[in-house]
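Residues per chain are reported as follows:
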Number of protein chains: 2
Amino acid sequence: MNEVIKLLGNHRSIREYDTSRDINEEQIEIIMKSAMAAPNWTNGQQVSVIAVRDSEKKVELAKAAGNQKWVEEAPVFLVFCIDFYRAKLASEKNGKEFRIVDDVEAIIVGSTDVGIALGTTVAAAESMGIGIVPIGGIRKNPQDVIDLLELPEFVYPVVGLAMGYPKTIPSQKPRLPLEATYHKEQYNAEVQMEMIDQYDKTISSYMSERTNGQDTSDWSSKVAHFNESRFDPYAKVTGPTLKKQGFHFK
Amino acid sequence: MNEVIKLLGNHRSIREYDTSRDINEEQIEIIMKSAMAAPNWTNGQQVSVIAVRDSEKKVELAKAAGNQKWVEEAPVFLVFCIDFYRAKLASEKNGKEFRIVDDVEAIIVGSTDVGIALGTTVAAAESMGIGIVPIGGIRKNPQDVIDLLELPEFVYPVVGLAMGYPKTIPSQKPRLPLEATYHKEQYNAEVQMEMIDQYDKTISSYMSERTNGQDTSDWSSKVAHFNESRFDPYAKVTGPTLKKQGFHFK
């Protein structure tokens, strides 16, 4: 097993930072160059990242994300955005119609490009000993994020990334058995319920150990709860704010 | 600069493979474990990957992607899917309503999770000397891919990944200047047109060198052309097929 594989398999979310250690500008640029060298859709490079260090801005972003204090405490907070603003300028420069933002394709392309850049950023940062936690919660109040970072039309904030040197290293959360998520030649639907039952036991034990038996909740109950009600604050604003930014998906 | 940073900064697309070298099952499992260990939205793990080795299936997938012969020639072709099928089972198991698929949030969450898993897969594969090229073209004929891989409701194929040992290593395509895609404290809209002009010259020279002066096309003309007309085959089917799979985004 090579060093990269070891690193990637060792990921965990870091929400507490060693506040005596900063991340310098050179480090962020190295990480960003790695992220931007990754593949993207037809070399359109539909991503922008805004790095925030300013304390007041981080307080506002922590609020926008539903009071996640690690957003405020991290020395650097990156905001990953779908970016078709450059594509619009490219269309104008060449006298062409700009139509891709009128279809859901733009949401898929932009979000996938954001994910690729984010996954690569995580690998780059962790290789330097920096801890991270992604913050999708910024989509709870996207207009606040848009105003704060002065995002133009056709740019939408998808996910944040709090970064800092870890104060402590938490245990690693187990994932679904590989049999559930990795399929050979065709989708294996039959095995899914069994894998969920098995994983529910794994997560229940994991939670119990971490809380001295106080919390024995399993995976499927959390997912079910989330998909029934916890996503409401997002659903209320995501579609309308995307449209306001110029994404008239259908 | 550490080895991971060197690796990530060195990415290029590989479309020609050394057909004498296969990728074995153990290697794919190592790569998939890396991908699944990466972050994802609220640990919902909204991704499935289907690995295809079967020659006839690869021929069909190459056709679905608009006759991309490297899909056929690669020893392994991975298909990355948004997967809310497990989420639906989790809702049923816990007697909760399953509503997230009725909002565009599910498209953003699923595509971002796919991107993170894909970006991590690329890093893992390349660390083992394996070359890759992502194939978004599978979205031109999503129903064919769904039928071929027997994808159930709430599962949607977003992007493929052709993998094989490189026959030759092509030159690396330059990216937009970092000043265009990486912003400090707020989005830098003013600089974008200047960066596009500068990058157009870079890409025009790069193309000219690669084609002995036959092709001197620049970046913005390609992006403009794509966004006016080349995305039509996608736009025609993406929305309707997403809806058929159960994603009633609004």
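Throughout this document, residue positions are counted from 1 along each chain, in the order its sequence is written. All chains are assigned letters beginning with A, and all ligands numbers beginning with 1, in the order in which they are written. Residues qualify for local features only when their pLDDT is at least 70, as the model is predicted, and side-chain atom pairs are given and counted only at 80 or more; totals for whole chains, interfaces and linings, by contrast, use all residues. Hydrogens and waters are ignored; side-chain quantities use all the structure's heavy atoms.

## Here's the deal with the pattern of salt bridges
Turning to step 1, where the next piece is worked out: Salt bridges are defined as contacts in which a side-chain nitrogen from Lys or Arg sits within 4 Å of a carboxyl oxygen from Asp or Glu. A complete count under the given rule lists 24 salt bridges over all chains for this structure.
Turning to step 2, where the next piece is worked out: Residue Glu60(A) pairs with Lys63(A) through a salt bridge whose shortest N-O separation is 3.6 Å. With a gap of 3 residues between them, Glu60(A) and Lys63(A) both fall in helix α3 (residues 55-64), about one helical turn apart.
Turning to step 3, where the next piece is worked out: Each residue gets one of three labels from its accessible area relative to the maximum for its type: buried under 20%, exposed over 50%, partly exposed in between, using a 1.4 Å probe on protein chains only. For Glu60(A), a relative accessible area of 37% puts it in the partly exposed group.
Turning to step 4, where the next piece is worked out: A salt bridge links Glu25(B) to Lys184(A), with the shortest nitrogen-to-oxygen separation between them at 3.5 Å. On the criterion of chain membership, the pair formed by Glu25(B) in helix α2 (residues 25-37) and Lys184(A) in strand β5 (residues 182-184) is interchain, its members lying in two chains.
Turning to step 5, where the next piece is worked out: Relative accessible area serves as the criterion here: at 48%, Lys184(A) is assigned to the partly exposed category.
Turning to step 6, where the next piece is worked out: Here the residues in one salt-bridge network are Glu25(A), Glu29(A) and Lys184(B), joined through shared partners. The secondary structure listing takes helices from DSSP runs of H or I that are at least 4 residues long and strands from runs of E that are at least 2 residues long, numbered from the N terminus.

## So, helix α9 (residues 192-210) of chain A
Turning to step 1, where the next piece is worked out: Every helix has an expected span of 1.5 Å times one less than the residues it contains. In a regular helix each residue adds 1.5 Å, so 19 residues correspond to 27 Å; α9(A) covers 26 Å between its end C-alpha atoms and thus fits that length.
Turning to step 2, where the next piece is worked out: Within the sequence span of α9(A), burial applies to Gln192(A), Met195(A), Ile196(A), Tyr199(A), Asp200(A), Ile203(A), Ser204(A), Tyr206(A) and Met207(A).
Turning to step 3, where the next piece is worked out: Residue contacts are defined here by distance: any two heavy atoms, one from each residue, within 4.5 Å place the two residues in contact. If you follow the buried residues of α9(A), they end up packed against α8 (178-181), β5 and α10 (219-230) of chain A together with α5 (85-93) of chain B.
Turning to step 4, where the next piece is worked out: Once α9(A) finishes, Asn212(A) follows within two positions and takes phi at roughly 50°, a positive value.

## A short note on the packing of aromatic side chains
All names here are of chain A.
Turning to step 1, where the next piece is worked out: Classification of ring pairs rests on two measures: the distance between centres of Phe, Tyr or Trp rings, Trp counted by its six-membered ring, which must be within 6.5 Å, and the angle between planes, read as stacked under 30 degrees, edge-to-face over 60 and tilted in between. Per the counting criterion, the structure on display carries 15 aromatic pairs over all chains.
Turning to step 2, where the next piece is worked out: Plain terms: the ring middles of Phe98 and Phe154 are 5.0 Å apart, the flat faces sit at 80° to each other, and that makes the pair edge-to-face. Here Phe154 lies in the loop between α7 (142-149) and β4 (155-164) and Phe98 lies in the loop between α5 (85-93) and α6 (105-127), a separation of 56 residues in the sequence.
Turning to step 3, where the next piece is worked out: Take Phe98: its relative accessible area is 17%, and that puts it in the buried class.

## Overview of the relation of the copies chain B and chain A
Turning to step 1, where the next piece is worked out: Of the two same-sequence chains, chain B is brought onto chain A (RMSD 0.0 Å, axial shift 0.0 Å) by a rotation of 180°. Those values place the two copies in the arrangement expected of a two-fold rotation axis. Among all residues of chain B, the one whose C-alpha sits closest to the rotation axis is Gly115(B), at a distance of 1.9 Å.
Turning to step 2, where the next piece is worked out: Both copies contact each other with a shared surface, as 99% of the interface residues of chain B are interface residues in chain A too. The copies are overlaid by a least-squares fit using only the C-alpha atoms of residues whose pLDDT is at least 70 in both copies.

## Side note on the sheet that holds β4(A)
Turning to step 1, where the next piece is worked out: The criterion for strand pairing is that DSSP finds at least two bridges linking the strands in question. Taken together, the 5 strands give an open sheet; going across it, the order is β3(A)-β4(A)-β2(A)-β1(A)-β5(B), and neighbouring strands pair in mixed fashion. The open sheet has two edge strands with one neighbour each: β3 (131-135) of chain A together with β5 (182-184) of chain B. In this sheet, neighbouring strand axes are inclined to one another by 25° on average, regardless of whether the strands run parallel or antiparallel.
Turning to step 2, where the next piece is worked out: Sheet topology note: the strand β2 (residues 76-83) of chain A/β4(A) ladder contains 8 bridges and is antiparallel. Simply put, an axis is a line fit to the C-alpha atoms, just over the touching stretch for a helix, and the angle between two N-to-C directions goes from 0 to 180 degrees.

## Points about the packing of α2(B) against helix α6 (residues 105-127) of chain B
All names here are of chain B.
Turning to step 1, where the next piece is worked out: Put simply, α2 and α6 touch, their axes get as near as 8 Å, and they point 140° apart. As summarised for this structure, α2 and α6 are arranged oblique, according to the angle between their axes. As for how α2 packs across α6, the hand of that crossing is right-handed. Listed contacts from α6 to Ile31, Met32, Ser34 and Ala35 of α2 are Ala117, Thr120, Thr121, Ala124 and Ala125.
Turning to step 2, where the next piece is worked out: Side-chain classes follow a simple rule in which Ala, Val, Leu, Ile, Met, Phe, Trp, Tyr, Cys and Pro form the nonpolar group, Asp, Glu, Lys and Arg form the charged group, and the remainder, Gly included, forms the polar group. The residue inventory of the contact of α2 with α6, partitioned by class, reads 6 nonpolar, 3 polar and no charged. Convention used here: angles under 35 degrees read as roughly parallel, angles over 145 as roughly antiparallel, angles from 65 to 115 as roughly perpendicular, and any remaining angle as oblique. Should the near helix be turned anticlockwise from the far one by less than a right angle, the crossing is left-handed, and should it be turned clockwise, the crossing is right-handed.

## As for the pairing of β4(A)
All names here are of chain A.
Turning to step 1, where the next piece is worked out: The element β4 is largely enclosed, with a buried count of 10 among its 10 residues.
Turning to step 2, where the next piece is worked out: Relative to β4, β3 runs antiparallel, the two being bridged by 5 bridges. The residue of β4 that forms the bridge with Val133 is Ala162.

## Describing the UniProt feature "domain: Nitroreductase" (unreviewed entry) in chain A
Turning to step 1, where the next piece is worked out: Look at the UniProt record and you will see "domain: Nitroreductase" (unreviewed entry) annotated at residues 10-165 of chain A.
Turning to step 2, where the next piece is worked out: For the annotated span residues 10-165 of chain A, helix accounts for 44% and strand for 19% of the residues, and the straight-line distance between the end C-alpha atoms is 16 Å. UniProt positions are given in the numbering used here, feature names are shortened, and annotations may be inferred rather than shown by experiment.

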